[in-house]
Amino acid sequence: MITPTVIMLSVALVVSIVVLAKGSDMFTEGSKELAHILRITYTVVGILVVSISTTLPENTVSIYSAATGSPDVAFGNAIGSIIFNVGVALAINGIIRRGRVLDKHVYIEDVPVMITMTALAWIFSYVDGILSRAEGLVLLLIGIMYYVYRFRSSRGSMNDEGRAGEDVRRVIVILLLGLFMVIAGSVGLKESGVGLARAIGVPEVYISIIIIAVGTSIPELATSIASAVKGVGEISVGNVIGANIIDIAIALGLAAVICPIPADTPSLRLTYPATLIIFIILELGLLLRKRVDRVLGTALIVAYAIYVYFLSVSYIL
């Protein structure tokens with residue numbers, strides 16, 4: 001039934017998408033220019049700069065949820081976000097446009113770190129059904145050490161197209177304005193999406209794992225689409241991988257430090273294994289093809305669709 005509330009939420013949803021799309025476009029442009037200024041590759045910019053910015057919604061939601069006594073929402077948001085980032089955001093990037101050959105560090109170091117941290121989180125949760133403060137701290141420290149290492153090693157990843165005379169202030173303004181619009185659009189999208197889902201009767205448990213997680217991952221998706229259209233898909237690859245490592249370290253690890261996070265049966269038996277399978281598909285695809293293309297993108301999005309189906313069966317049917 002179409003009510004005034006449903007209409008208002010639908011309008012808010014559309015407005016949020018427009019704001020988010022424009023903000024992502026600006027942020028991608030700013031990231032490209034930043035890569036030139038710093039003389040580092042687009043992939044490294046995606047990992048070290050874009051990912052930190054686009055994960056603010058996930059981290060804010062998870063930390064706030066843990067601090068206010070809703071660790072299950074923090075868990076669903078973090079895990080749902082990382083599987084969506086690879087299974088949809090990165091997949092769509094490859095489907096839109098065949099990516100360039102990636103730096104070998106991506107599939108030799110970055111993706112293995114992402115897989116290892118996810119496997120650790122699963123093991124920690126599986127042992128006693130809860131991610132404790134100490135275990136969350138381990139994930140947080142691994143994430144911090146990874147970023148320190150990646151930043152130091154990135155100085156050797158020079159961009160052949162680098163230019164020294166860029167207007168730094170202008171780039172910073174573009175990045176900040178784009179980031180503000182991305183965050184504002186993602187918050188509006190999440191709130192209106194959740195409200196619309198509740199208005200039409202979607203279970204809240206399902207919302208916390210799928211709707212909220214997807215809502216907070218919209219920045220990664222929008223950035224992924226924008227970077228693919230502009231022919232700099234490497235930014236998206238770095239963004240997604242970096243975002244996932246941040247999500248595991250902060251949205252899951254730091255949230256667990258604040259409040260231990262319980263894991264329900266479907267998460268332990270379905271979500272964690274599905275996440276690892278999708279990550280392994282990504283790693284194998286990169287090892288074989290050295291890039292994210294339509295073949296790998298299709299494989300990832302099909303795997304994600306299968307996961308969503310079985311998740312729906314677990315929680316709804």
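## Considering the overall build of the protein chain
Alright, step 1. Of regular secondary structure, the protein chain possesses 12 helices and 2 strands.
Alright, step 2. Helices and strands appear in the protein chain in the N-to-C order α-α-α-α-α-β-α-α-α-α-α-β-α-α.
Alright, step 3. Here the C-alpha atoms of the protein chain give a radius of gyration of 19 Å, agreeing with the 20 Å that 2.2 N^0.38 yields for 317 residues.
Alright, step 4. In the protein chain, which comprises 317 residues, the share counted as buried stands at 56%.
Alright, step 5. Considering only contacts in the protein chain between residues 6 or more positions apart, those separated by 24 or more positions represent 87%.
Alright, step 6. Summed over its atoms, the accessible surface of the protein chain is roughly 13,400 Å², and 70% of this surface lies on carbon and sulfur atoms.

## Re the packing of aromatic side chains
Alright, step 1. What the rule picks out here adds up to 6 aromatic pairs.
Alright, step 2. Measuring from ring centre to ring centre gives 6.5 Å for Trp122 and Tyr272, while their planes differ by 20 degrees; the resulting arrangement is stacked. Here the residue Trp122 occupies a position in helix H5 (residues 104–128), and Tyr272 occupies one in helix H11 (residues 265–289), the gap between them amounting to 150 residues.
Alright, step 3. By relative accessible area, Tyr272 is classed as buried at 1%.
Alright, step 4. Centre to centre, the rings of Tyr304 and Tyr307 are 6.0 Å apart; their planes meet at 50 degrees, and the pair counts as tilted. You can see Tyr304 and its partner Tyr307 sitting in helix H12 (residues 294–315), 3 residues apart, about one turn around the helix. Both residues of the pair, Tyr304 and Tyr307, count as buried.
Alright, step 5. Here a set of aromatic residues connected by ring pairs shows up, and it is made of Phe75, Trp122 and Tyr272.

## A short note on unusual backbone geometry
Alright, step 1. For Lys290, which is not glycine, the phi dihedral falls at a positive 65 degrees.
Alright, step 2. Checked against the element boundaries, Lys290 lands in the loop between H11 and H12.

## Some remarks on the nonpolar core
Alright, step 1. Ranked by size, the top nonpolar core spans 65 residues in total, and within it Leu252, Leu282 and Leu286 carry the most contacts.
Alright, step 2. The leading source of residues in this core is helix H4 (residues 71–96), at 12 residues.
Alright, step 3. Setting aside residues up to four positions removed in sequence, Leu286 forms contacts with Leu102, Val106, Tyr107, Val111, Arg291, Val292 and Leu296.
Alright, step 4. Of all hydrophobic cores here, the second largest spans 10 residues; its members include Phe27, Val50, Leu175 and Leu179.

The rules behind each value
Residues numbered from 1 in each chain as written. Predicted model: local features only at pLDDT ≥ 70, side-chain atom pairs only at ≥ 80, totals over all residues. Heavy atoms only, no water. Helix = DSSP H or I, 4+ residues; strand = E, 2+ residues; numbered from the N terminus. Rg over C-alpha atoms; globule rule 2.2 N^0.38 Å. Buried < 20%, exposed > 50% of the residue type's maximum accessible area, 1.4 Å probe, protein only. Contact = heavy atoms within 4.5 Å. Areas by Shrake-Rupley, 256 points an atom, 1.4 Å probe, with all protein chains shown as cover. Phe/Tyr/Trp six-rings, centres within 6.5 Å; stacked < 30°, edge-to-face > 60°. Core = buried A, V, L, I, M, F, W, Y, C linked by side-chain atoms within 4.5 Å.

On their own, these measurements won't tell you what the molecule is for.
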